[in-house]
Each structure stands twice: as C-alpha cells, then as structure tokens.
Amino acid sequence: MAKKYEEVAIGIDLGTTYSCVGVWQEQNDRVEIIHNDQGKYSDSVIQNDILLWPFKVIAGDNDKPMILVNYQGKEKQLVAEEISAMILTQMREIAGAFLESPVKNAVITVPAYFNDSQRRATKDAGNIAGLNVMRIINEPIAAALAYGLQKRANCVEERNIFIFDLGGGTFDVSLLTIKNNVFEVKATAGDTHLGGEDFDNRMVNHFVKEFKRKNKVDISGNSKALRRLRTACERAKRTLSYDTDATIDIDVICEGIDFCSSITRAKFEQLNMDLFEKCMETVESCLADAKMDKCRVDDIVLVGGSSRIPKVKQLLQDFFKGNELCKSINPDEAVAYGAAVQAALLSDGVKSVPGIVLRDVTPLSLGVAIEGDLMDVVIPRNTSIPVRKTNTYYTVEDNQSSVMVEVYEGERIRASDNNLLGLFDFSVPPAPQSSFPIKECFSIDEDGILNVSAEEETSGNKKDITITNKNGRLSREEIERMIQEAEFFKAQDMKFKKKVKAINALDDYLYTVRKVMKDDCVSSKLNPVDKVKINSAIIKGKTLIDGNHEEDTSVFVDLLKELESIFESAMNKVNKGYSDEESD
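A brief report on the enclosed structure follows. (Residues numbered from 1 in each chain as written. Predicted model: local features only at pLDDT ≥ 70, side-chain atom pairs only at ≥ 80, totals over all residues. Heavy atoms only, no water.)

## Considerations on the overall build of the protein chain
Counting its regular elements, the protein chain contains 14 helices and 25 strands. Here the contacts in the protein chain between residues at least 6 apart in sequence split such that 66% fall between residues at least 24 apart. As displayed, the protein chain offers around 28,600 Å² of accessible surface, 48% of which is attributable to carbon and sulfur atoms. (Helix = DSSP H or I, 4+ residues; strand = E, 2+ residues; numbered from the N terminus. Contact = heavy atoms within 4.5 Å. Areas by Shrake-Rupley, 256 points an atom, 1.4 Å probe, with all protein chains shown as cover.)

## Digging into the environment of K531
Structurally, the position occupied by K531 is in helix α13 (residues 528-546). When its relative accessible area of 27% is taken as the criterion, K531 is described as partly exposed. Here the alpha-carbon distance between K531 and F567, two residues 36 residues apart in the chain, equals 8.8 Å. If sequence neighbours within four positions are ignored, K531 has contacts with M517, S523 and L526. (Buried < 20%, exposed > 50% of the residue type's maximum accessible area, 1.4 Å probe, protein only.)

## Things to note about the sheet that holds strand β21 (residues 402-409)
With respect to topology, four strands assemble into an open sheet ordered β18-β17-β21-β22, the strand pairing being antiparallel. Each edge of the open sheet carries a strand with a single partner, namely β18 (374-379) and β22 (419-427). Averaged over all pairs of adjacent strands, the angle between their axes in this sheet comes to 30°, without regard to strand direction. Bridge count for strand β17 (residues 366-370) against β21 is three bridges, and the pairing is antiparallel. Across the sheet, residue L366 finds its bridge partner in β21, namely E409. (Pairing = 2+ DSSP bridges. Axes fitted to C-alpha atoms, helices over the stretch in contact; angles between N-to-C directions.)

## Regarding helix α9 (residues 334-345)
Taking 1.5 Å per residue as the helical rise, α9 with its twelve residues ought to reach 16 Å, and the 17 Å between its terminal C-alpha atoms agrees with that figure. Of all twelve residues making up α9, twelve are buried, and the element is well covered by its neighbours. Listed in full, the buried residues belonging to α9 are A334, V335, A336, Y337, G338, A339, A340, V341, Q342, A343, A344 and L345. (Expected span 1.5 Å × (residues − 1).)

## Describing a nonpolar patch on the surface
Where nonpolar side chains cluster on the molecular surface, the patch consists of M404, L420 and L423 and spans about 250 Å² of accessible area. Within the secondary structure, M404 sits in strand β21. The class of M404 is partly exposed, set by a relative accessible area of 41%. (Patch = residues over 30% accessible without salt bridge, like charges linked within 9 Å, V, L, I, M, F, W, Y side chains within 5 Å. Salt bridge = Lys/Arg side-chain N within 4 Å of Asp/Glu carboxyl O.)

## Digging into the packing of aromatic side chains
Per the counting criterion, the structure on display carries eight aromatic pairs. Aromatic side chains F319 and F320 sit 5.1 Å apart centroid to centroid with 80° between the ring planes, which places their arrangement in the edge-to-face category. In this structure an aromatic cluster arises from ring pairing among F162, F319 and F320. The side chain of R414 reaches across the aromatic face of F496, ending 3.8 Å from its centre. (Phe/Tyr/Trp six-rings, centres within 6.5 Å; stacked < 30°, edge-to-face > 60°. Lys NZ or Arg CZ within 6 Å of the ring centre and 35° of its normal.)

## Regarding helix α8 (residues 310-319)
Buried within α8 we find K311, V312, L315, L316 and F319. Buried residues in α8, looked at end-on, bunch into an arc of 135°, giving them a common side. Following α8 by one or two positions, K321 adopts a phi angle in the positive range, close to 55°. (Arc of directions from axis to C-beta.)

## A short note on the pattern of salt bridges
When the charged atoms of two side chains with opposite charge come close together, those side chains can pair. All told, the structure shown has 15 salt bridges when counted by the stated rule. Across the pair D200 and K237 runs a salt bridge, and its minimum N-O distance is 3.2 Å. Of this pair, D200 sits in helix α5 (residues 196-215) while K237 sits in helix α6 (residues 223-239), and the two are 37 residues apart along the sequence. Taken as a pair, D200 and K237 share a single burial class, namely buried. Here the residues in one salt-bridge network are E184, K186 and R359, joined through shared partners.

## A closer look at the side chain of E269
Tracing the sequence through the fold places E269 in helix α7 (residues 265-290). The buried charged residue E269 lacks any salt bridge partner; its closest oppositely charged side chain belongs to K311, at an N-O distance of 4.5 Å. The contacts of E269, once residues within four sequence positions are left out, are F276 and K311. (Lys, Arg positive; Asp, Glu negative; His and termini not counted.)

## Points about the packing of α5 against α7
At a minimum axis distance of 10 Å, the contact between α5 and α7 shows a crossing angle of 130°. By the angle between their axes, α5 is oblique relative to α7. Both α5 and α7 take part in a crossing whose hand is right-handed. Counted together, D198, F199, R202, M203 and H206 of α5 and K267, F268, L271, N272, D274, L275 and F276 of α7 form the full contact between these two elements. Taken together, the residues of the contact of α5 with α7 sort by class into six nonpolar, two polar and four charged. (Parallel < 35°, antiparallel > 145°, perpendicular 65-115°, else oblique. Left-handed = near helix turned anticlockwise from the far one by under 90°. Nonpolar A, V, L, I, M, F, W, Y, C, P; charged D, E, K, R; others polar.)

## Here we look at the packing of α5 against α6
One can describe the packing of α5 onto α6 by two numbers: an axis separation of 9 Å at closest approach and a directional angle of 120°. Overall, the two elements α5 and α6 adopt an arrangement that is oblique. As for the relative orientation of α5 and α6, their crossing is right-handed in sense. On the side of α5, the interface is formed by G196, F199, D200, N201, M203, V204, F207 and V208, while α6 contributes L226, L229, R230, C233, E234 and K237. Partitioned by chemical class, the residues of the contact of α5 with α6 number eight nonpolar, two polar and four charged.

Okay, structure coming up:
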C-alpha cells in the first residue's frame with residue numbers, strides 16, 4: 001500500500017531547458033500550474049545572464065563529471081545534482097510563495113528512459129533542495145495523467161493513448177491504455193540524448209560554416225561566440241514553428257564582425273530530417289514492442305516544446321494515417337500537471353483527486369550471467385513495475401566457496417554482449433556441486449530503481465546490491481542499438497545457446513560418471529575393458545570442454561551420446577551381475 005503524506009505536495013517537471021511546478025487545488029478539484037519567472041531563452045534577462053555563464057566540464061573524484069564555474073573571480077566545481085538542486089529549490093520556493101506555506105513533499109518527473117543512476121541523481125538533487133521526494137515518475141505517465149483527467153475522465157471504454165514527448169534534451173514515447181481510471185503502460189521507447197538542443201546544434205553547425213565561408217574566420221573554438229549563436233538559433237527555431245523563415249542577427253559576434261543571416265523552414269527541416277525520422281523509428285519501435293497496430297491507437301498526445309515543430313507533427317500525422325493529433329493540452333505544462341496529480345494521490349487529506357491506478361513498465365530485460373556466458377533473464381523487458389522476481393541457481397563445481405553474481409540488462413543471449421550493471425561476490429558453504437539452492441531476487445520499486453539480492457537458505461548467508469552511479473545504466477541510444485543487434489544476431493545467438501547447452505549437458509554427465517567411478521563398490525564390478533573405455537571417454541570429454549570450444553555443436557552432442565552408450569552398457573552389465581548374485 002502506498003505511503004501517505006500529510007503535508008501539501010507539489011509536482012515538478014524537471015526539464016532540460018524549462019521546468020514547471022504544479023499543485024492540486026482541492027477547492028477547485030484541479031491542478032494549478034504555478035507561474036514562475038524562469039522566462040524563455042529569448043528574454044533579455046536570460047540573454048544577459050547567459051553571457052555571464054562560461055563553464056566547462058572536468059573530471060572529478062572517481063571520474064565524476066564536474067561543472068567548472070567562474071563566479072566573482074573564484075573557481076567553483078559543481079556536480080550535476082547541485083545544478084538540478086538549484087532548479088528544484090527555485091520550484092519549491094515558487095510553490096511556497098503561491099501556497100503561502102513551506103513546501104516539503106514533491107513528486108518529480110524524469111524521462112522514461114532515464115537510467116537507474118540518473119533517477120538516483122534526481123532524488124539526490126531533490127534532497128539537496130530540501131525536498132522529500134515521494135516518487136519519481138516517468139514524464140509520459142505524467143502527461144497521460146494530465147490528458148486522462150482533462151479529456152478522458154472516468155472513461156469506461158478502453159482507449160489506447162500514445163504519448164509523444166519531444167523536449168529540449170530528451171525524447172520519450174509511451175503507449176498506454178486508459179480504462180476506469182487505470183493507466184497501464186504497454187510499452188515505452190525513447191532517447192535521453194535527442195531533443196530541441198540537437199536541432200539547435202544542426203543550425204549552429206550550419207551557420208558556423210556559413211560565417212567561415214563569408215568571413216574566413218572559424219568561430220568553432222570560440223565558446224562565447226558559439227553561445228550567442230546557439231541562443232539566436234534556439235530563438236529562430238521557435239520562430240520557424242509559426243513562420244516560414246527566421247533571421248539570425250548578432251552584433252560583433254567575433255573579431256568585430258557582425259553576423260546577419262536567415263534560415264527558411266525548409267532548410268531547417270533539411271538539416272534535421274534524419275533526427276525527425278529517428279523519432280518516427282522510435283514511434284514504430286514502441287508500437288512493435290506493444291504488439292499493437294497503429295490503427296488501434298485512439299489518441300495521440302503531444303508533449304514538450306519541440307513537439308510544436310511543424311515537420312514533426314506532419315510526420316507523426318502521416319505515420320498514424322491522418323489520425324488527428326491532440327493539441328488541446330499545454331505541452332509545456334502537461335507533465336507538471338500529471339506530477340501534481342500523483343503528488344495529490346500520495347498525500348493524506350486530499351479527497352477530491354480521482355482514485356487512479358498507475359502501472360508502468362521496465363524498458364529492458366534484467367538478469368544474471370550463468371555458466372557458459374548465457375544471460376538468464378529474471379525480469380523481461382516491458383514488465384509492469386513495481387515488481388519482485390526470484391530465480392534459483394546452484395553451484396557448478398565441487399567445494400565451490402563463492403559465487404560471482406553479475407547483473408546485466410539487455411536483449412542478447414550472450415551475457416557479455418549486454419550491459420553489466422553491477423556484480424558482487426557471494427559466499428556459499430563448500431559442498432558438492434548443486435547441493436544448495438541460491439535464490440537471487442530482483443526488485444524494482446515504484447521509482448524504477450533496481451535492487452538485487454542473493455540468499456543461501458541453509459547457511460542464512462545473504463547479500464545484496466543496489467545499482468549505483470558507478471554502475472550506470474544505459475542511454476536510450478545504447479538500448480536501441482542492443483535491441484537492433486539482438487534481432488540481427490538472433491540466429492547466431494541461438495546457435496551459440498545450443499552449443500553452450502550441449503557443452504553443459506556433457507559436463508554434467510561427465511560429473512555424474514566420474515562420481516560413480518569413484519564408488520569402489522561399483523567400480524570393482526566394472527568390466528576392465530568397459531572401465532578403460534569409460535576413462536578414455538572421460539579424458540576425451542574433459543579435453544574437449546577445457547578447449548577453446550571452436551568445434552561444432554554436433555561434436556559435443558555426439559561425444560555425450562557415445563559416453564552415454566558406453567556407460568549405460570557397462571552399468572547394465574554391473575546391474576545384471578547384481579541380479580545374478582541375488583538369484584544365486
């Protein structure tokens with residue numbers, strides 16, 4: 001059962017370029033989006049401030065990225081969490097001023113494909129900002145909450161809602177079903193490094209080349225000139241959402257040279273078409289994961305400032321065969337709206353908020369490496385969270401004193417082809433192989449944070465690992481690559497899996513035969529010729545297993561059959577001898 005909080009709670013959309021805060025107003029039975037003074041890049045105050053913010057990123061302790069800031073002649077190093085905390089502090093203060101009371105509790109949204117370390121960093125930032133982070137929720141879920149409550153409240157018929165969230169730095173899509181206030185995610189996809197900033201970068205590169213061509217001056221290494229150009233490009237991008245051309249006009253950009261140019265919407269689309277198409281590929285991938293045809297999607301909801309780009313809307317509408325896009329909710333406020341609803345749901349004393357059930361999913365399969373470098377999946381991708389699953393494993397050698405638990409995420413059959421999240425050494429009592437079961441439990445909480453534990457019940461030994469920043473999870477780009485590789489190498493992986501199973505089967509049978517051969521009572525009754533054949537086959541099998549495994553799978557299968565035939569024949573003679581003795 002979800003924990004309830006007595007104090008007022010707010011919902012924060014912690015965006016890449018724009019953040020927003022909202023709170024549930026019980027007297028009005030709706031969310032109030034609180035005005036804040038962040039402004040836009042085009043605001044004169046922001047323009048002046050940006051010119052005072054020269055910074056670079058350096059490596060800190062444990063190779064942690066640090067933001068180097070020069071402030072009032074002094075150099076200061078900040079971690080990313082501190083920057084986020086500053087924004088969250090501002091959101092908390094804005095909400096506190098609006099509510100005329102201090103704010104402590106908050107729900108914070110993150111991109112659906114934020115990895116475990118990014119989610120933890122967000123919670124840490126909230127703590128630094130003096131907030132009690134009640135829940136981390138995915139932005140598409142928050143947007144779906146906003147849309148569901150505003151447009152589909154108390155929907156009895158099941159509707160499939162597609163959330164398209166293209167922001168300043170991240171891109172997420174999710175397919176959900178809504179029925180009777182139950183919001184269930186069917187599949188999610190996205191990219192934590194794709195958004196409006198990438199479109200700006202394409203324009204910046206275009207104008208850097210133009211400036212060099214016209215003035216014989218290269219500004220690519222001039223951080224101040226690039227910052228001013230990037231700001232102008234961002235402003236032009238916004239203009240192109242409602243006009244067919246935009247002007248770039250910067251006084252004294254470099255070496256006393258003014259820069260004035262223009263860009264058409266058509267040119268902007270040409271510069272970014274591959275990125276727009278990448279968005280559509282992600283849309284298609286999400287539907288494929290959900291096993292849903294595009295014609296079954298009832299509503300397409302646009303979220304994030306970059307979803308206003310005309311070409312993006314056109315490609316999306318074409319993809320869904322003319323299905324109308326929902327433009328009735330504010331794309332800048334929808335995520336904060338949904339976060340505020342979730343905050344109200346977790347708060348005591350708020351009676352007017354509808355009883356909503358949220359069911360999110362995990363984006364990649366999670367599992368452990370087992371003998372033969374195989375990935376044994378414990379939690380398959382697109383499993384509803386929170387979730388807790390346990391698999392049982394056994395030692396593979398006699399008198400094995402420890403087991404290395406290696407936690408992976410990915411879709412490849414070979415464990416080493418996936419992403420290693422973390423590992424730990426687990427002690428077990430020395431005993432014959434497969435004597436004691438080792439239970440390995442995977443648990444993902446409501447925030448999408450993973451914990452893995454191992455337990456050997458006989459000795460009571462238990463150990464666990466929480467995936468931390470040091471073992472960072474994957475970016476969406478890496479996830480997409482792994483999914484594509486999994487499909488491309490599927491046949492090859494299946495062939496590898498078949499060989500590993502054949503090797504393991506032969507190894508297990510050799511272990512059984514060697515154990516019987518050590519039994520003096522049985523060994524003494526074996527025919528000398530059979531004993532030689534068995535020992536010869538054991539040596540041959542051990543040599544084969546200890547080799548480099550370049551042989552075909554059939555070699556291991558055939559040797560197993562040969563050993564089974566020799567051993568079973570010999571044991572039949574021994575058993576017949578026992579029977580003859582009993583009959584005498």
